[in-house]
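Survey of secondary and tertiary structure
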Amino acid sequence: MNRTTVSLIAGTAALAAVTGFATLSSPQAAGTARTAAELPVERTSLLCPSPSTSDIAETSYTSFTPVTKDAGSGGKAELQAAAEESDGKSKAKAKGKGKGKKADKPVLEPQEPGKPATGDTSGGDAPALVGTAEGKFAPGWTVQETTEVAAGSGRGLQGVNCSAPDTEFWFPGASTAADRTDYVHLTNPDDSAAVVDIELYGKDGALDSKLGEGITVAPHSSDPILLSTLTEEKQENLTVHVNVRSGRVGAAVQALDDKLGGDWLAASTDPSGSLVLPGIPKDATAVRLVAFAPGESDADLKVQLASPSGLITPAGNETLHVKAGMTASADLGDVTRGEAGSLVLTPTDTSVPVVAALRVVRGKGDDQETAFIPATRPVGTRATVADNSAKGTTLSLTAPTRRATVKVTASAGSGGGEAVSKTFTLKAGTTQNVDAPTPTGLKGTYALTVEHVSGGPVYGARTLAATEDGVPGFTIQTLPNDRGMVAVPDADEDLSVLQK
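The residue numbering used here restarts from 1 in each chain and proceeds along that chain's sequence as written. For a predicted model such as this one, the threshold for reporting local features is a pLDDT of at least 70, and the threshold for listing and counting side-chain atom pairs is 80 or more; totals across whole chains, interfaces and linings nevertheless cover every residue. Based on all heavy atoms of the structure, the side-chain values leave hydrogens and waters out of the count.

Turning next to empty space enclosed by the protein. With a 1 Å grid spanning the protein atoms alone, the term cavity applies to any set of points in which a 1.4 Å probe fits but cannot get out, the term pocket to an open set with protein on both sides within 12 Å along at least five of seven lines, and the term lining residue to any residue with an atom within 4 Å of a point. Grid points are joined across faces, edges and corners, and a volume is the space filled by probe spheres set on the points. In the structure shown here, the tally under the stated rule is three cavities of 30 Å³ or more. Taken together, L47, C48, P49, V160, N161, C162, S163, H185, T187, G250, A251 and A252 form the lining of the largest cavity. Of all the elements in the fold, those that place two or more residues in the lining of the largest cavity are β4 (43-48), β12 (156-161), β14 (180-188) and β20 (250-257). Working definition: helices are DSSP H or I runs of at least four residues, strands are E runs of at least two. Numbering for both runs from the N terminus. Per-element accounting of the lining of the largest cavity gives the leading share, three residues, to β20. Ten residue types, Ala, Val, Leu, Ile, Met, Phe, Trp, Tyr, Cys and Pro, are classed as nonpolar, four, Asp, Glu, Lys and Arg, as charged, and the remainder, Gly among them, as polar. For the lining of the largest cavity, the per-class residue count stands at seven nonpolar, five polar and no charged. Looking at the second largest cavity, the residues that line it are G173, R180, E236, N237, R288, V290 and R359. Residue classes in the lining of the second largest cavity are distributed as one nonpolar, two polar and four charged.

Below you can see the structure in the form of structure tokens.
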């Protein structure tokens, strides 16, 4: 659903690509595909939701752009507060600690490609952010938002990759159960209002939710919508569909549990007959699969775990039947049994598009924490994740169908250090928690960039872990392709094949 626009000016291929605005390419004739050139995007937009309402929340932001061959020499990147952006000038400010006053500097100043930049806020009134990167800062630009909440509902570590604006999102794994407080955060980066419908689907189909119709999100603003205000029904497993009638928004679900902590639920990848959900922690104590079939046909899915030794079928959960228009779930328990793992879903017969996500729990008793893993796109050419530290970072990679080789690069640190790269080969059907490199002389945090070298598709996820007072806080972010490159045909070719 992320889309990239390509235009020609005076017969010259010129990129005006905005991540999340138009598709990278449409189906093309073989001859056209052979002559298309890969060029770096020139403009990227990212939206970060408001991190927390807790007064004891501590949030850090990390901005990073990987070094990209043939990228322009100029440009800039900046983050602005959604609530303050209407004048086009004011930037997001870091809330000063102690007296609660705003500082005089932006939440962060993005650095040159290849070096992370960090910033932080404290307290519960940090705004949503609207980010734009141009020129050399645009290809593969990523911003990570990580929040620590010491106590209360949703306590633990919450993390999310700031996402591109779009017009449709699917969130299987949300809930209106009594112990859950789930919000859909909608952020509008544009100069005109966006109109959004929020639809909820439970185990028996669509929920009565007229209050979710025609929600207006003002220009340059962000609205958190509490799911329990849209319906009176209490359901443990829901699929949330965000459909934008006009304009575009960024969307993410913040899922807060009274007993199991909380985290951000990012959107599932586009509905597909086969899905990969990478990076289940090896010490997960409970894993729940939630899936939804948005079409008119039921889906029957084969459930497999890509382990370090190959694909295995979880006993008692060999398949999952998903009725059309209804949310299905399956509790997989401690499915990884102490080893790295990724879930692979494939059709048992006829392929029917589905969306899916995992709720993952670590810890036992009162010392439990939750994170989510949505089905994701493959790494593709390149994917990047920021805010890694020397301790508590796990990079998980899986090659579900064929042997594959990837190159993993640890960037320079935000406070110093030099980049380091390693190459890894993954056997078909396996998942590995790889021994990812760390920068030489590391100071601060760093980014990890995964580049596909050869072989079949690779999927990835990164786990950040930080145990506090015995509670195993953690958050998981997937590594989909960064869409930093776009296919552009020669100037003398017919552009109609690239039009939607």
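We now examine the confidence of the model for the protein chain. The predicted coordinates of low-pLDDT regions are not to be read in fine detail. For the protein chain, per-residue confidence averages 87 on the pLDDT scale, and residues scoring 70 or more make up 85% of the total. Known as pLDDT, the predictor's per-residue confidence is scaled from 0 to 100. Note on definitions: a residue-residue contact is assigned when non-hydrogen atoms from the two residues lie within 4.5 Å. pLDDT under 50 marks residues 1-34. Its contacts with residues more than four places away, or in other chains, come to 88 contacts. In the model, residues 494-500 has pLDDT below 50 throughout and makes 15 contacts with residues more than four positions away in sequence or in other chains.

We now examine the layout of surface pockets. Each pocket or cavity is described by its volume, and for the second largest pocket that value is around 390 Å³. Taken together, 20 residues line the second largest pocket, and the ones lying closest to its centre are E38, T381, R382, N481 and M485. For the lining of the second largest pocket, the element with the most residues is strand β41 (residues 485-488), which contributes three residues. Residue composition of the lining of the second largest pocket, grouped by class: six nonpolar, six polar and eight charged.

Moving on to the pattern of salt bridges. One speaks of a salt bridge when a side-chain nitrogen belonging to Lys or Arg is within 4 Å of a carboxyl oxygen belonging to Asp or Glu. In this structure the tally under the stated criterion is eleven salt bridges. One salt bridge in this structure joins E236 and R288, with 3.2 Å as the shortest N-O distance. Of the two residues, E236 sits in the loop between β18 (221-226) and β19 (238-246) while R288 sits in strand β23 (residues 286-292), which places them 52 residues apart along the sequence. Summary of the burial criterion: residues with accessible area below 20% of their type's maximum are buried, those above 50% are exposed, and those between are partly exposed, where the area comes from a 1.4 Å probe applied to protein chains only. The class for E236 is partly exposed, based on a relative accessible area of 33%. Taking the relative accessible area as the measure of exposure, R288 reaches 14% and is therefore buried. Between R382 and D482 there is a salt bridge, with the nearest N and O atoms lying 2.6 Å from each other.

Attention shifts here to the packing of aromatic side chains. By convention, a stacked pair of Phe, Tyr or Trp rings (six-membered ring in the case of Trp) has centres within 6.5 Å and planes under 30 degrees apart, an edge-to-face pair has planes over 60 apart, and any other such pair is tilted. If you walk through the whole model with that rule in mind, you get three aromatic pairs. Considering the side-chain rings of Y201 and F292, the 4.7 Å spacing of their centres and the 40° angle between planes classify their relative orientation as tilted. Of this pair, Y201 sits in strand β15 (residues 194-202) while F292 sits in strand β23, placing them 91 residues apart in sequence. The exposure class assigned to Y201 is buried, which follows from its relative accessible area of 16%. Note on F292: relative accessible area 1%, which makes it buried. A network of ring pairs unites the aromatic residues W170, Y201 and F292 as a single cluster. Working rule: Lys NZ or Arg CZ, within 6 Å of ring centre, within 35 degrees of ring normal, means a charge sits over the ring. Its end group placed over the ring of F474, R362 keeps NZ or CZ at 5.0 Å from the ring centre.

The next subject is the sheet that holds strand β40 (residues 471-478). The strands making up a sheet associate through hydrogen bonds between their backbones, and the pairing can be parallel or antiparallel. Judged by pairing direction, the sheet is antiparallel, and its four strands sit side by side in the order β36-β32-β39-β40 without closing on themselves. In this open sheet, the two edge strands, each paired with only one partner strand, are β36 (430-434) and β40. Going from strand to strand, the sheet's axes swing by 25° on average, the running direction of each strand aside. Pairing of strand β39 (residues 459-468) with β40 involves eight bridges; the strand directions are antiparallel. Residue pairing across strands places A466 opposite G473, the latter belonging to β40. Criterion used throughout: strands pair if DSSP finds at least two bridges between them. With axes taken as lines fitted to C-alpha atoms, and helix axes fitted only over the stretch in contact, angles between N-to-C directions fall between 0 and 180 degrees.

Let's shift gears to the nonpolar core. What makes a nonpolar core is a set of buried Ala, Val, Leu, Ile, Met, Phe, Trp, Tyr and Cys residues whose side-chain atoms join them at distances within 4.5 Å. Ranked by internal contacts, the top residues of the largest apolar core, which has 31 residues, are I280, L289, L343, L345 and L358. Looking at which element gives the most residues to this core, the answer is strand β24 (residues 299-307), with four residues. With residues up to four places along the chain from it excluded, the contact list for I280 reads V287, L305, V335, T336, A340, G341, S342, L343, L358 and I373.

Among the secondary structure elements, S342 is positioned in strand β28 (residues 341-347). The class of S342 is buried, set by a relative accessible area of 0%. For S342, the residues in contact, after removing those within four places along its chain, are L277, P278, G279, I280, Q304, L305, A306, S396, T398 and T431.

Okay, a negative patch on the surface next. Surface patches are defined over residues having more than 30% relative accessible area and no salt bridge, joining like charges when they lie within 9 Å and nonpolar side chains (Val, Leu, Ile, Met, Phe, Trp, Tyr) when within 5 Å. Computed with a 1.4 Å probe, the accessible areas rest on the Shrake-Rupley method; for each residue, only the protein chains presented here act as cover. Asp and Glu count as negative and Lys and Arg as positive, but His and the ends of the chain are not part of the count. Throughout, a charge is located at the NZ atom of Lys, the CZ atom of Arg, the CG atom of Asp or the CD atom of Glu. On the surface, E58, D120, E148 and E468 cluster together to form a negatively charged patch. For E468, the position within the fold is in strand β39. E468 sits in the partly exposed class, given a relative accessible area of 42%.

This part is about the sheet that holds strand β5 (residues 57-64). The four strands are arranged β9-β5-β11-β12 in an open sheet whose pairing can be described as antiparallel. The two strands at the open ends of the sheet, each matched to only one other strand, are β9 (117-122) and β12. Ignoring which end each strand starts from, the neighbouring axes of this sheet average 15° apart. Pairing of strand β11 (residues 142-149) with β12, which is carried by six bridges, proceeds in the antiparallel orientation. Across the sheet, the residue bridging to E145 is V160, located in β12.

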